[in-house]
Structure formats: structure tokens, C-alpha cells
Amino acid sequence: MSTTTAPRSEMQTRGVTVDEARFRLGKLGKTLFYDLVKQGKIRVVKLGNRTVVPVSEIDRLLNSDDAA
């Protein structure tokens, strides 16, 4: 039985780990990052026990006028 999955490089362009997202947002601390999640300024996706941040959310936050 074979399964098809997207190549790792394609998956990385769609979503990143919380640590990678924090780095891309200017090395944010965990507390500030999760405060932004609570405030609804950045959306995360839970996949099992993993939290993934869509790259589009990082781009949207960096390009918004109300960035932290």
C-alpha cells in the first residue's frame, strides 16, 4: 500500500513550527507569540499534538498595520 504525501519542501512552505514562526517574526518570545494567538492576531492549526503556523499567517501579520 502506498501513500502519497507532499514533498517536505512543499509542506514547509505552507506551514512551519511555532519555533520557526517565532524566528520569522523577529525572534519573538513564546509568551508574546501565544498572546498574539489569544488576541486572534495570528492563527495556528493543531495537527494531532503538533501546532503548525501557516506561512500565510506570518506574511499577513508582517504586512498588517496593526502588527504587535
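Every residue gets a number counted from 1 within its own chain, in the order that chain's sequence is written. Where totals are concerned, whole chains, interfaces and linings use all residues; where local detail is concerned, this predicted model gives features only for residues with pLDDT of at least 70, and gives and counts side-chain atom pairs only at 80 or more. Think of the side-chain values as coming from all heavy atoms in the structure, minus any hydrogens and water.

(A) Representation of unusual backbone geometry. A positive phi angle is found at Lys27, which is not glycine, with a value near 60°. Counting through the fold element by element, Lys27 comes out in the loop between α2 (18-24) and α3 (30-38). Secondary structure elements are taken from DSSP: a helix is a run of H or I of four residues or more, a strand is a run of E of two residues or more, and numbering for both begins at the N terminus.

(B) Molecular detail of the pairing of strand β3 (residues 50-54). To sort residues, take the accessible area from a 1.4 Å probe on protein chains only and compare it with the maximum for the residue type: under 20% means buried, over 50% means exposed, and anything in between is partly exposed. The element β3 is extensively covered by neighbouring structure, given that four of its five residues are classed as buried. Strand direction decides the pairing type here: strand β1 (residues 15-17) and β3, joined by three bridges, are antiparallel. Counterpart to Val16 in the pairing with β3 is Val53. A pair of strands is labelled paired if DSSP reports no fewer than 2 bridges between them. In terms of strand pairing, strand β2 (residues 45-47) meets β3 through three bridges, oriented antiparallel. Each bridged residue has a counterpart across the sheet, and for Leu47 the counterpart in β3 is Arg50.

(C) Structural detail: the nonpolar core. Nonpolar cores were defined as sets of buried Ala, Val, Leu, Ile, Met, Phe, Trp, Tyr and Cys residues, with membership established by side-chain atoms within 4.5 Å. The biggest cluster of nonpolar side chains holds twelve residues, and these are Val16, Val18, Ala21, Leu25, Leu28, Phe33, Leu36, Ile42, Val53, Val55, Ile58 and Leu61. Every element with two or more residues in this core is listed here: α2, α3 and α4 (55-63).

(D) Region of interest: the side chain of Thr51. Structurally, the position occupied by Thr51 is in strand β3. Reaching out from Thr51, the side chain makes a polar contact with the side chain of Lys46 at a distance of 3.2 Å. Here a polar contact is recorded for every N or O atom pair within 3.5 Å, except that within protein the pair must consist of a potential hydrogen donor and a potential acceptor, and residues adjacent in sequence are included only if both atoms are side-chain atoms.

In short, geometric facts, not functional conclusions.
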